[in-house]
Amino acid sequence: MRKTLTVICILYSGILFSQEQPIKFGKVSAVDLQKTVYSVDTSAEAVILADIGSTRIKGNAKGWFSLEFKRHRRIHILKKSGYDHATVEIPLYADGEDEEVLDNLKVVTYNYENGKLVETKLDVKSAVFKEKLDRNRVIKKFTFPNVKEGSIIEYEYRLTSDFLFNLQPWYFQDEVPALWSEYTVSLPAFLKYMLISQGSQTFFFTDQKSKRGDYSVEMEKKNSYGVASGAERINISCGVTDFRWAMKDVPPLKEESYTTTLLNYMSKLEFQLAAYLDPLTPETLMSTWPDLTQRLIKREDFGMEIENAGTWIPGILPSILKNASTDLEKAKKIFSYLQDNFTCTDRHQLYTEKNLKAVFDKKNGGVAEINLLLTAMLRYAGINADPVILSRRPYGFVYDRYPVIGRFNYVISRAMINGGDVLLDASRPQSGFGKLGFDCYNGTAKVVNEQATSLSLTAAQLTEKENVTVRLSTTANGEWKGNVSKLYGYYESEAMRGSMKTGDQEELKKTISKQYDNDVKIENFKMDSATVLEAPLRVSYDIAYNNEMADIIYMGPIITGRLKNNPFKSADRLYPVEMPYKIDESYSFILTIPEGYIADELPKPVTFKMNEAGDAIFEYAVSRSSDNTIKVQYKLETKKTFFQTTEYDTLREFYNLVVAKQAEQIVLKKRK
């Protein structure tokens, strides 16, 4: 499937609607409830029968305008596994004391019991719960009552917002199929929005029509002394355009391995407030990237926190920077201090929830708080440093051409040291200096400086390099003994160090022993670079296991780390393959043939290339020396991280060949 992303400036014309909405609230029949399967997806756990939304602009009593969003959704729960769809979360935007208002909520469950249709209504006054996620994110949550297999659930609500920039997006696709999904937006001529349309699904129809509309705004009236003396009403009559989009029989989003997030492929509409037009005071709101970063620099909960920290950070730095003289030494001391002493409490954070002094005193904070503190400490230590905003892979990509702040959810720091950029994330206890989690490599990142410097962070910049050497022989009593040396890739090293933090080396040894097909005993375990977080982890250990010395011995040379299953099991692929990094994996197996045995069969050397370009290569070599030693080596390498769906069959077949080759065995035969 090819992902499409279209950005459109919403214009106005006069095409009339002809389609009618397919359902009305409460109009559910016994026949509807008795249906058990839908042709759009015969295996679905639930089906969205209809999802209908609308947004319009209306004047308010605060001297401005509000957004009014309405939604009506009906779902048929077909299996117990679909019960999750009976819990609904409605996101609200908040800013200080101001918050979007949710009202007119209706929640009903329909069941077919004893030959009759039974309705169960939710008491929305007592059964709707509110949770504040952060300064700008609130959710209201409820669960449908009396849900069973076969239930139809239905809800509708109204959401009123004074935040004109937060025109509700619309997601046509979900985890389950939708028979009908429709969104209507009515916009007056004095507001201009940018529409961002994404996805590969075809609209059933898109229409728009023009009309005249009247808007009434109430403004507080004051006398000559500035005292409120009633309300003044302003009326505006202007052109209005109704936009309507609909999709029919929308297939579900399906989880697939090696997909960063389905948000990147979902069919959806998003809106960005671009300008105020006449008769309002004309103003362009669709800012440039430098405009966006300038606003961040001046925000009290972002850039001003760094400025305000100048009153106390210089006083705590001398003890942290003890014996550090160069910028690199200072940066490493500050980074290690934060990494070792602070706990990250929120990995989805763009703005601070508390001031940096409180973060420092409590020794915990969200990712934005910790890395803004890092940036401030670097600056007051005399190092040129700036925050960097990005979107982690699970959150979706950033629209590089359009400065949409809502696409970002993570903050790191960039330090200029010895003439080069060093990217730092002190919120991760196992990350090395100058290293980022692979989930941060998600395309465009922006330095929060006057120039809004762009950084390109892509998975193709990362290579996970691994090297394994195994030596194996037998003792006089027929026991197999050997030595294993493994150099881990950086990210596997990080994961291994993380596991050791909650356990000890014994737990680590147990984890490693599970990678062997035989009951292997691990001895003389050694580890290098356990505390040097920038360096790859190296382990070495001896192995021992019993194996019957029969007339014929079958031995797989890939005794650890063998790829037993193809990671791409499905015969079909909906979305591109997005690997987190390139792979460079080397393996060597040296076998001393037991006394009295000969090598009867050996795997054949081979080289597999995924395609002519060699985007993935597997080289398998076998040699035999005169001193009765067999050596098997392989190298698996991927040259890129992004594979289109058109390349999927070739990639899948490549891994089929790798799995089959790694499963081949050496056959040893007793001499006669």
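This section reports on the structure supplied with the text. Note that the structure is predicted; figures quoted are calculated from it, not measured. (Residues numbered from 1 in each chain as written. Predicted model: local features only at pLDDT ≥ 70, side-chain atom pairs only at ≥ 80, totals over all residues. Heavy atoms only, no water.)

1. Some points on the overall build of the chain
Counting its regular elements, the chain contains ten helices and 37 strands. In terms of overall dimensions, the chain has C-alpha extents of about 110 × 75 × 50 Å along its principal axes. In the chain, which comprises 672 residues, the proportion classed as buried is 49%. Nonlocal contacts in the chain, meaning residues at least 24 apart in sequence, comprise 74% of its contacts between residues at least 6 apart. One finds the centroid of the 88 positive side-chain charges in the chain at a distance of 0 Å from the centroid of its 88 negative side-chain charges. (Helix = DSSP H or I, 4+ residues; strand = E, 2+ residues; numbered from the N terminus. Buried < 20%, exposed > 50% of the residue type's maximum accessible area, 1.4 Å probe, protein only. Contact = heavy atoms within 4.5 Å. Lys, Arg positive; Asp, Glu negative; His and termini not counted. Charge placed at Lys NZ, Arg CZ, Asp CG, Glu CD.)

2. Some details on empty space enclosed by the protein
With the rule as written, the count across this model stands at one cavity of 30 Å³ or more. One number sums up the size of the largest cavity: a volume of about 80 Å³. Lining the largest cavity are 14 residues; nearest its centre among them are Glu-466, Val-468, Lys-486, Thr-560 and Gly-561. Elements that contribute at least two residues to the lining of the largest cavity include exactly strand E25 (463–474), strand E26 (479–487) and strand E31 (582–592). Of the residues forming the lining of the largest cavity, the biggest block, three residues, is contributed by E31. (1 Å grid on protein atoms, 1.4 Å probe; cavity = no way out; pocket = protein on both sides within 12 Å on 5 of 7 lines; lining within 4 Å. Points joined across faces, edges and corners; volume = space filled by probe spheres on them.)

3. A few points about the sheet that holds strand E22 (residues 420–424)
One open sheet holds the five strands; their spatial order is E22-E21-E20-E23-E24, and the pairing between them is antiparallel. With one partner strand each, in any of the chains shown, E22 and strand E24 (454–457) form the two edges of the open sheet. If you compare each strand with its neighbour and ignore which way they point, the axes differ by 35 degrees on average. Relative to strand E21 (residues 410–417), strand E20 (residues 384–390) runs antiparallel, the two sharing seven bridges. By the bridge assignment, Val-388 is partnered in E21 with Ile-412. (Pairing = 2+ DSSP bridges. Axes fitted to C-alpha atoms, helices over the stretch in contact; angles between N-to-C directions.)

4. Focus: the environment of Tyr-410
Mapped onto the secondary structure, Tyr-410 falls in strand E21. Take Tyr-410: its relative accessible area is 0%, and that puts it in the buried class. Spatially, the C-alpha atom of Tyr-410 lies 54 Å from that of Glu-479, the residues being 69 residues apart in sequence. With sequence-adjacent residues up to four places away left out, Tyr-410 is seen in contact with Arg-347, Gln-349, Leu-350, Val-367, Val-388, Ile-389, Leu-390, Arg-392, Asp-425, Ser-427, Arg-428 and Cys-440. At 3.2 Å, the side chain of Tyr-410 forms a polar contact with the side chain of Arg-347. Separated by 2.7 Å, the side chains of Tyr-410 and Asp-425 make a polar contact. (Polar contact = N/O pair within 3.5 Å; in protein donor to acceptor, adjacent residues only side chain to side chain.)

5. Some remarks on helix H9 (residues 505–513)
Taken together, the buried positions of H9 are occupied by Leu-508, Lys-509 and Ile-512. Burial along H9 is one-sided: seen end-on, the buried residues are contained in an arc of 100 degrees. (Arc of directions from axis to C-beta.)

6. Focus: the packing of helix H4 (residues 313–320) against helix H7 (residues 367–380)
At a closest axis distance of 10 Å, the pairing of H4 and H7 adopts a crossing angle of 80 degrees. Our classification of the angle between H4 and H7 gives roughly perpendicular. Mapping the contact onto sequence places Ile-313, Pro-314, Ile-316, Leu-317 and Ile-320 in H4 and Leu-373, Ala-376, Met-377 and Tyr-380 in H7. Partitioned by chemical class, the residues of the contact of H4 with H7 number nine nonpolar, no polar and no charged. (Parallel < 35°, antiparallel > 145°, perpendicular 65-115°, else oblique. Nonpolar A, V, L, I, M, F, W, Y, C, P; charged D, E, K, R; others polar.)

7. Observations regarding the packing of aromatic side chains
For the structure on display, the rule yields 45 aromatic pairs. The interplanar angle of 65 degrees and the centroid separation of 5.5 Å between the aromatic rings of Phe-568 and Tyr-655 together place this pair among those described as edge-to-face. Of this pair, Phe-568 sits in the loop between strand E29 (552–555) and strand E30 (577–578) while Tyr-655 sits in helix H10 (residues 648–662), and the two are 87 residues apart along the sequence. Like Tyr-655, Phe-568 is buried. Members of the aromatic cluster, joined through ring pairs, are Phe-69, Phe-142, Phe-144, Tyr-155, Tyr-157, Trp-170, Tyr-183, Phe-243, Trp-245 and Phe-271. Over the ring of Trp-312 we find Lys-357; its NZ or CZ atom is 5.6 Å from the centre of that ring. (Phe/Tyr/Trp six-rings, centres within 6.5 Å; stacked < 30°, edge-to-face > 60°. Lys NZ or Arg CZ within 6 Å of the ring centre and 35° of its normal.)

8. Topic: the side chain of Ser-391
Structurally, Ser-391 can be placed in the loop between E20 and E21. Reaching out from Ser-391, the side chain makes a polar contact with the backbone oxygen of Arg-407 at a distance of 3.4 Å. When residues no more than four places from it in sequence are discounted, the contact partners of Ser-391 are Gly-396, Val-398, Arg-407, Phe-408, Asn-409, Asp-439 and Asn-442.

9. What about the packing of helix H5 (residues 327–341) against H7?
For any two helices packed against each other, the geometry is given by the interaxial angle and the distance between the axes. For the pair H5 and H7, the least separation of the axes is 10 Å and the interaxial angle reads 150 degrees. Relative to H7, the element H5 is oriented roughly antiparallel. Crossing hand, H5 versus H7: right-handed. Only Ile-370, Leu-373, Leu-374, Met-377 and Leu-378 of H7 make contact with H5, whose side of the interface consists of Ala-331, Ile-334, Phe-335, Tyr-337 and Leu-338. Its residues assigned to classes, the contact of H5 with H7 comprises ten nonpolar, no polar and no charged. (Left-handed = near helix turned anticlockwise from the far one by under 90°.)

10. Looking at H7
The α-helix advances 3.6 residues per turn, and as a result positions three or four apart in sequence lie on the same side. Between its terminal C-alpha atoms H7 stretches 20 Å, which fits the 20 Å expected from 14 residues at 1.5 Å a residue. Among the 14 residues of H7, twelve are classified as buried, and the element is accordingly described as predominantly covered. Buried within H7 we find Val-367, Ala-368, Glu-369, Ile-370, Asn-371, Leu-372, Leu-373, Leu-374, Thr-375, Ala-376, Met-377 and Leu-378. A positive backbone phi angle near 90 degrees is found at Gly-382, which sits one or two residues after H7. (Expected span 1.5 Å × (residues − 1).)

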